[in-house]
Amino acid sequence: MNDLETLKSHGLNSEDAIGTVGPFKLFLGSLEALLGPFELPDEVMDALFYIISRSQPGTEPINSHAMQLILEGSSRARSTYFLKKNILKEASAVFGPYLVGECHWTLFHCNLKEGAITYIDSLGEHPQRCSQIIENWSIFAARRGCHGPWKMIKRIP
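Residues numbered from 1 in each chain as written. Predicted model: local features only at pLDDT ≥ 70, side-chain atom pairs only at ≥ 80, totals over all residues. Heavy atoms only, no water.

J.: What's the story with the overall build of the protein in this structure? I'm lost.
T.: Helices and strands together make up the secondary structure of the protein, namely seven helices and seven strands. Listing every helix and strand of the protein by position from the N terminus yields α-β-β-α-α-β-α-α-α-β-β-β-α-β. In terms of principal-axis extent, the alpha carbons of the protein reach across some 55 × 35 × 30 Å. By the burial criterion, 39% of the 157 residues in the protein qualify as buried. When the accessible area of the protein is evaluated, it comes to approximately 9,400 Å², of which 55% is carbon and sulfur surface. Counting 15 positive and 17 negative side-chain charges, the protein places the averaged centre of each group 13 Å from the other. (Helix = DSSP H or I, 4+ residues; strand = E, 2+ residues; numbered from the N terminus. Buried < 20%, exposed > 50% of the residue type's maximum accessible area, 1.4 Å probe, protein only. Areas by Shrake-Rupley, 256 points an atom, 1.4 Å probe, with all protein chains shown as cover. Lys, Arg positive; Asp, Glu negative; His and termini not counted. Charge placed at Lys NZ, Arg CZ, Asp CG, Glu CD.)

J.: Help me understand the pairing of strand β4 (residues 93-100), please; the structure alone is not making it clear to me.
T.: Within a regular beta strand, the side chains point alternately toward one face of the sheet and then the other, so they alternate between its two faces. A large share of β4 lies buried, amounting to eight of its eight residues. Both strand β3 (residues 59-61) and β4 contribute to a ladder of three bridges, which runs parallel. If you follow proline 61 over to β4, its bridge partner there is phenylalanine 95. Of the strand pairs in this sheet, β4 and strand β5 (residues 104-111) are connected by eight bridges, and their pairing is antiparallel. (Pairing = 2+ DSSP bridges.)

J.: What is the right way to read the environment of threonine 106 from this model?
T.: Its place among the elements puts threonine 106 in strand β5. Residues threonine 106 and leucine 123, spaced 17 residues apart in sequence, show a C-alpha to C-alpha distance of 9.1 Å. Among residues more than four places away in sequence, those in contact with threonine 106 are Gly96, Pro97, Tyr98, Val100, Tyr119, Ile120 and Asp121. Within polar-contact distance, the side chain of threonine 106 engages the backbone oxygen of tyrosine 98 at 2.8 Å. (Contact = heavy atoms within 4.5 Å. Polar contact = N/O pair within 3.5 Å; in protein donor to acceptor, adjacent residues only side chain to side chain.)

J.: I keep staring at the pairing of strand β2 (residues 24-27) and nothing clicks. Help me out?
T.: A one-sided burial pattern is seen for β2, the buried positions being Phe24 and Leu26 and the unburied ones Lys25 and Phe27. The sheet contact formed by strand β1 (residues 17-21) and β2 spans four bridges and is antiparallel. By the bridge assignment for β2, valine 21 is matched with phenylalanine 24.

J.: Just to check I follow, could you spell out the sheet that holds strand β6 (residues 116-120) for this structure?
T.: Backbone hydrogen bonds hold the strands of a sheet together, and the pairing may be parallel or antiparallel. The strand order β3-β4-β5-β6-β7 describes an open sheet built from five strands, whose pairing is mixed. Bordering the open sheet on either side are β3 and β7 (151-153), each of which pairs with just one other strand. Sheet twist, expressed as the average angle between the axes of neighbouring strands with direction ignored, equals 25°. Bridging between β5 and β6 involves five bridges; their strand directions are antiparallel. Note on β6: the bridge partner recorded for phenylalanine 108 is tyrosine 119. (Axes fitted to C-alpha atoms, helices over the stretch in contact; angles between N-to-C directions.)

J.: Sorry, what's going on with empty space enclosed by the protein here?
T.: Regions of empty space are outlined by a rolling probe, equal in size to a water molecule, passed over the atoms. Taken as a whole, this structure holds one cavity of 30 Å³ or more when the rule is applied. Here the largest cavity is characterised by a volume of approximately 30 Å³. In terms of lining, the largest cavity is formed by Leu69, Ile70, Gly73, Ser74, Ala77, Arg78, Asn136, Ile139 and Phe140. For the lining of the largest cavity, the secondary structure elements donating two or more residues are α4 (64-71), α5 (75-78) and α7 (127-142). Among the residues making up the lining of the largest cavity, the classes are represented as five nonpolar, three polar and one charged. (1 Å grid on protein atoms, 1.4 Å probe; cavity = no way out; pocket = protein on both sides within 12 Å on 5 of 7 lines; lining within 4 Å. Points joined across faces, edges and corners; volume = space filled by probe spheres on them. Nonpolar A, V, L, I, M, F, W, Y, C, P; charged D, E, K, R; others polar.)

J.: Help me out: how do you make sense of a nonpolar patch on the surface in this one?
T.: Residues Ile18, Leu31, Leu34, Leu35 and Leu40 make up a contiguous nonpolar surface patch of roughly 430 Å² in combined accessible area. Per-element accounting of the nonpolar patch gives the leading share, three residues, to helix α2 (residues 28-35). Residue leucine 35 is classed as exposed on the basis of its relative accessible area, which comes to 66%. (Patch = residues over 30% accessible without salt bridge, like charges linked within 9 Å, V, L, I, M, F, W, Y side chains within 5 Å. Salt bridge = Lys/Arg side-chain N within 4 Å of Asp/Glu carboxyl O.)

Have a look at this one:
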(Lines give C-alpha, C1' and ligand atoms only; values in the text may rest on other atoms or scores of the structure.)
Protein backbone atom coordinates (compact mmCIF):
# COMPACT_ATOMS: atom_id res chain seq x y z
CA MET A 1 0.00 0.00 0.00
CA ASN A 2 1.49 3.37 -1.00
CA ASP A 3 1.19 6.58 1.04
CA LEU A 4 -1.83 7.86 -0.90
CA GLU A 5 -3.70 4.60 -0.41
CA THR A 6 -2.84 4.74 3.30
CA LEU A 7 -4.27 8.26 3.59
CA LYS A 8 -7.43 7.21 1.75
CA SER A 9 -7.80 4.17 3.99
CA HIS A 10 -7.90 6.60 6.93
CA GLY A 11 -10.95 8.26 5.37
CA LEU A 12 -9.29 11.22 3.62
CA ASN A 13 -10.80 12.53 0.38
CA SER A 14 -9.19 14.45 -2.49
CA GLU A 15 -10.51 17.75 -1.06
CA ASP A 16 -8.95 17.20 2.37
CA ALA A 17 -5.94 19.34 3.29
CA ILE A 18 -2.87 17.30 4.20
CA GLY A 19 -0.33 20.05 4.85
CA THR A 20 1.25 23.30 3.71
CA VAL A 21 4.35 24.39 1.84
CA GLY A 22 5.03 27.98 2.83
CA PRO A 23 1.69 29.77 2.51
CA PHE A 24 0.24 27.16 0.12
CA LYS A 25 -2.18 24.54 1.38
CA LEU A 26 -1.86 21.13 -0.30
CA PHE A 27 -4.68 18.63 -0.58
CA LEU A 28 -4.76 14.89 -1.09
CA GLY A 29 -5.91 15.63 -4.65
CA SER A 30 -2.77 17.75 -5.15
CA LEU A 31 -0.63 14.67 -4.62
CA GLU A 32 -2.93 12.47 -6.70
CA ALA A 33 -2.43 14.87 -9.62
CA LEU A 34 1.32 14.21 -9.50
CA LEU A 35 0.79 10.50 -10.07
CA GLY A 36 -1.92 10.38 -12.67
CA PRO A 37 -2.94 11.79 -15.99
CA PHE A 38 -4.37 14.85 -14.27
CA GLU A 39 -3.74 18.55 -14.74
CA LEU A 40 -1.34 19.97 -12.18
CA PRO A 41 -3.29 22.15 -9.77
CA ASP A 42 -2.23 25.72 -8.99
CA GLU A 43 -1.22 24.91 -5.43
CA VAL A 44 1.33 22.32 -6.62
CA MET A 45 2.97 24.82 -8.98
CA ASP A 46 2.87 27.57 -6.37
CA ALA A 47 4.44 25.30 -3.73
CA LEU A 48 7.17 24.24 -6.18
CA PHE A 49 8.11 27.85 -6.99
CA TYR A 50 8.03 28.72 -3.29
CA ILE A 51 10.49 25.89 -2.56
CA ILE A 52 12.81 26.92 -5.41
CA SER A 53 12.76 30.56 -4.29
CA ARG A 54 14.01 29.64 -0.81
CA SER A 55 17.35 28.59 -2.35
CA GLN A 56 17.59 31.76 -4.49
CA PRO A 57 18.28 34.75 -2.21
CA GLY A 58 16.65 37.92 -3.53
CA THR A 59 14.25 36.01 -5.79
CA GLU A 60 10.59 36.27 -4.91
CA PRO A 61 7.93 33.90 -6.25
CA ILE A 62 4.64 35.22 -7.63
CA ASN A 63 1.78 32.76 -7.25
CA SER A 64 0.00 31.48 -10.35
CA HIS A 65 -3.24 33.39 -9.79
CA ALA A 66 -1.44 36.73 -9.36
CA MET A 67 0.85 35.96 -12.30
CA GLN A 68 -2.11 35.31 -14.57
CA LEU A 69 -3.74 38.60 -13.59
CA ILE A 70 -0.48 40.52 -14.11
CA LEU A 71 0.52 39.02 -17.46
CA GLU A 72 -2.99 39.17 -18.91
CA GLY A 73 -3.28 42.86 -18.03
CA SER A 74 -6.15 42.59 -15.57
CA SER A 75 -7.34 45.96 -14.29
CA ARG A 76 -7.18 44.42 -10.80
CA ALA A 77 -3.44 43.75 -11.22
CA ARG A 78 -2.92 47.37 -12.29
CA SER A 79 -4.37 48.63 -9.02
CA THR A 80 -1.86 49.81 -6.46
CA TYR A 81 -3.78 47.73 -3.89
CA PHE A 82 -3.07 44.47 -5.74
CA LEU A 83 -0.62 42.29 -3.76
CA LYS A 84 -0.47 43.75 -0.26
CA LYS A 85 3.34 43.61 -0.15
CA ASN A 86 5.37 45.35 -2.85
CA ILE A 87 7.60 42.38 -3.65
CA LEU A 88 9.47 44.38 -6.31
CA LYS A 89 10.87 46.77 -3.70
CA GLU A 90 13.28 44.32 -2.03
CA ALA A 91 13.74 41.63 -4.70
CA SER A 92 16.42 41.39 -7.36
CA ALA A 93 14.28 38.97 -9.38
CA VAL A 94 10.77 37.55 -9.46
CA PHE A 95 9.43 34.43 -11.10
CA GLY A 96 6.43 32.19 -11.20
CA PRO A 97 4.19 29.85 -13.14
CA TYR A 98 1.85 31.27 -15.77
CA LEU A 99 -1.10 29.15 -16.85
CA VAL A 100 -1.95 29.56 -20.53
CA GLY A 101 -5.42 28.31 -21.34
CA GLU A 102 -6.68 25.73 -18.90
CA CYS A 103 -3.84 23.24 -18.67
CA HIS A 104 -0.55 24.54 -20.13
CA TRP A 105 2.04 25.85 -17.66
CA THR A 106 4.73 28.29 -18.74
CA LEU A 107 7.48 30.12 -16.84
CA PHE A 108 7.95 33.85 -16.27
CA HIS A 109 11.17 35.24 -14.78
CA CYS A 110 12.20 38.88 -14.45
CA ASN A 111 15.65 40.07 -13.42
CA LEU A 112 14.67 43.43 -11.94
CA LYS A 113 18.23 44.77 -11.79
CA GLU A 114 18.91 44.13 -15.49
CA GLY A 115 15.38 44.78 -16.79
CA ALA A 116 15.43 41.34 -18.40
CA ILE A 117 12.37 39.14 -18.83
CA THR A 118 12.58 35.46 -19.65
CA TYR A 119 9.41 33.71 -20.74
CA ILE A 120 9.57 30.00 -21.49
CA ASP A 121 6.81 28.09 -23.22
CA SER A 122 7.46 24.47 -24.17
CA LEU A 123 5.23 25.02 -27.23
CA GLY A 124 7.28 28.01 -28.34
CA GLU A 125 7.35 31.67 -27.40
CA HIS A 126 5.00 33.45 -29.78
CA PRO A 127 6.07 37.05 -30.53
CA GLN A 128 2.57 38.43 -29.97
CA ARG A 129 2.32 36.80 -26.53
CA CYS A 130 5.85 38.01 -25.62
CA SER A 131 4.91 41.59 -26.59
CA GLN A 132 1.75 41.38 -24.52
CA ILE A 133 3.71 40.05 -21.54
CA ILE A 134 6.25 42.91 -21.73
CA GLU A 135 3.48 45.50 -22.03
CA ASN A 136 1.45 44.14 -19.12
CA TRP A 137 4.51 43.58 -16.93
CA SER A 138 5.68 47.15 -17.63
CA ILE A 139 2.37 48.58 -16.43
CA PHE A 140 2.30 46.38 -13.33
CA ALA A 141 5.93 47.09 -12.39
CA ALA A 142 5.64 50.85 -13.02
CA ARG A 143 2.69 51.03 -10.61
CA ARG A 144 5.06 49.66 -7.96
CA GLY A 145 7.89 52.10 -8.70
CA CYS A 146 9.93 49.68 -10.81
CA HIS A 147 10.34 51.22 -14.25
CA GLY A 148 11.88 49.58 -17.31
CA PRO A 149 12.86 49.52 -19.99
CA TRP A 150 12.19 45.80 -20.11
CA LYS A 151 13.66 43.49 -22.70
CA MET A 152 12.73 39.91 -23.52
CA ILE A 153 15.62 37.48 -23.35
CA LYS A 154 15.42 34.86 -26.09
CA ARG A 155 16.21 31.35 -24.99
CA ILE A 156 18.42 29.18 -27.13
CA PRO A 157 16.41 26.22 -28.50
